[in-house]
Amino acid sequence: MPGERPKQYRDLCGKTVLRHALEAFSAHPGISHVQAVIHPDDAADFAMATEGLRLPAPIHGGETRQESVRLGLEAVAGGKPAKVLIHDGARPLVSGTLISRVITALDTRDGAIPALPVNDTLKRVDSEQIGETVSRDNLVRAQTPQGFRYDAIVRAHNAALGQSLTDDAAVAEAFGLSVATVPGAEDNLKITREEDLERAARILGGGLVETRTGTGFDVHRFADGDVVHLGGIAIPHSQSLSGHSDADVALHALTDALLGAIADGDIGAHFPPSDPQWRGAASDIFLRHAAGLLRARGGRLVHADLTIICEAPKVGPHREAMRARIAGILESEPGRISVKATTTEGLGFTGRNEGIAAQACVTVELPRT
Ligand code: MG
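A quick note: this is a predicted structure, and the numbers were derived from the prediction, not measured.

Comments concerning the coordination of the magnesium ion
Step number 1: Only Asp218 (OD), His220 (NE2) and His252 (ND1) from the protein reach the magnesium ion as donors, at distances of 2.1 to 2.3 Å.
Step number 2: Along the chain, the residues donating to the magnesium ion fall in the pattern D-x1-H-x31-H. Of this pair, Asp218 sits in strand 12 (residues 209–224) while His252 sits in helix 8 (residues 249–261), and the two are 34 residues apart along the sequence. Pair check on accessibility: Asp218 and His252 agree, each one buried.

What about the nonpolar core?
Step number 1: By size, the foremost hydrophobic cluster in this structure holds 41 residues, and its most contacted members are Leu230, Leu258 and Ile308.
Step number 2: Mapped by element, the contributors of at least two residues to this core are strand 13 (227–230), strand 14 (233–236), helix 8, helix 10 (284–296), strand 16 (300–309), helix 11 (319–330), strand 17 (337–342) and strand 18 (355–367).
Step number 3: Ranked by residues supplied to this core, first place goes to helix 8 with nine residues.
Step number 4: Residues within four places of Leu230 in sequence aside, it is in contact with Ile235, Asp248, Val249, Ala250, Ile308, Val315, Met322 and Ile356.
Step number 5: Counting 21 residues, the second-largest nonpolar core is a separate cluster that includes Leu22, Ala24, Ile31 and Val34.

Details of the environment of Ala105
Step number 1: The topology assignment puts Ala105 in helix 4 (residues 96–105).
Step number 2: Note: C-alpha distance between Ala105 and Phe148 (43 residues apart in sequence) is 9.3 Å.
Step number 3: The residues contacting Ala105, other than those within four sequence positions of it, are Ala112 and Val182.

Topic: the packing of aromatic side chains
Step number 1: Applying the stated rule across the entire model yields three aromatic pairs.
Step number 2: With a centroid separation of 4.8 Å and an interplanar angle of 85°, the aromatic rings of Phe271 and Trp278 are classed as edge-to-face.
Step number 3: Using a relative accessible area of 10% as the deciding quantity, one classes Phe271 as buried.
Step number 4: Of the residues examined, Trp278 reaches a relative accessible area of 15% and is grouped as buried.
Step number 5: Ring centres 5.9 Å apart and planes at 80° place the aromatic pair Trp278 and Phe286 in the edge-to-face group.
Step number 6: Take Phe286: its relative accessible area is 4%, and that puts it in the buried class.
Step number 7: Grouping aromatic residues by their ring pairs yields a cluster made of Phe271, Trp278 and Phe286.

Reading the values: the criteria
Residues numbered from 1 in each chain as written. Predicted model: local features only at pLDDT ≥ 70, side-chain atom pairs only at ≥ 80, totals over all residues. Heavy atoms only, no water. Donors = N, O, S within 2.8 Å, 3.2 Å for Na, K, Ca; no water. Helix = DSSP H or I, 4+ residues; strand = E, 2+ residues; numbered from the N terminus. Buried < 20%, exposed > 50% of the residue type's maximum accessible area, 1.4 Å probe, protein only. Core = buried A, V, L, I, M, F, W, Y, C linked by side-chain atoms within 4.5 Å. Contact = heavy atoms within 4.5 Å. Phe/Tyr/Trp six-rings, centres within 6.5 Å; stacked < 30°, edge-to-face > 60°.

If you want it as structure tokens, here you go:
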């Protein structure tokens, strides 16, 4: 797997892949001792990955996976364990239930491994050309942890010295041990490709994106005039809204909501009222800018909900035009843009027709950092 660090030390929802696995075993009531076997080059990464965990010092592995396991088995000999589980540190989502299943199977068997059925049809290919269809009868996919009676697997490993076998079950089989299968778990995936990290993150909840919400609120007062700019639409009216820009209170509330969702100040910070260049400016500039900041962070708008608070003008006849216009500015679609209107029953400044208020709530998705 490409990347500057080995996959076991890649981040998965705030912890390294390896730490997820180590914690699963450390927390299991049936496990008394957890021994990590690492590559000597990874000592610093391991120390960082396991900070705060009560674990014995890691031991260094050998030239091959098989040799690393054998060295790990040797390292725990002093504890005279009855059973040992051998796990791949690149399987971070091993569950306590699965660990228990393997441990229990060892009451009656020399070895037990989690296995899953093969659901897809298997083909043998020769440089992308299908050679033959392979029967999947009696085939399973082997996972870890692979569990064994300790003395038996040590003998099997010693007998397999110098051979190259794919997993510990193969070592056990070669030595004539009886190895059972227990039901594996699809979530107990092995991180081998970038997309596996994404899948693991999704399983852990939240995934690689996080959802954020922002709110905005704005008010502009009425002044003499004959058009109100609202939701990006020019509505003929007996008054206008006054403000430095076109005073589109609805787009201002939306702009602040978007800036809030990405925690990037407010509309006044980005477009100071003291700056003459914004005098009479069309407010879609502000909203477009905020949407651009969201996109620059790799984010996307999920939904925007706008409430316009006034006695007049009537918003209803312009609702669909506003939704389409706002969707256009945000490079979104009207189905994600809600425009609502309410009066305040004649109460307060909006009730006295002194101005218009607007509030907005937006939901965005951002890459998790
Ligand atoms: Mg404003």
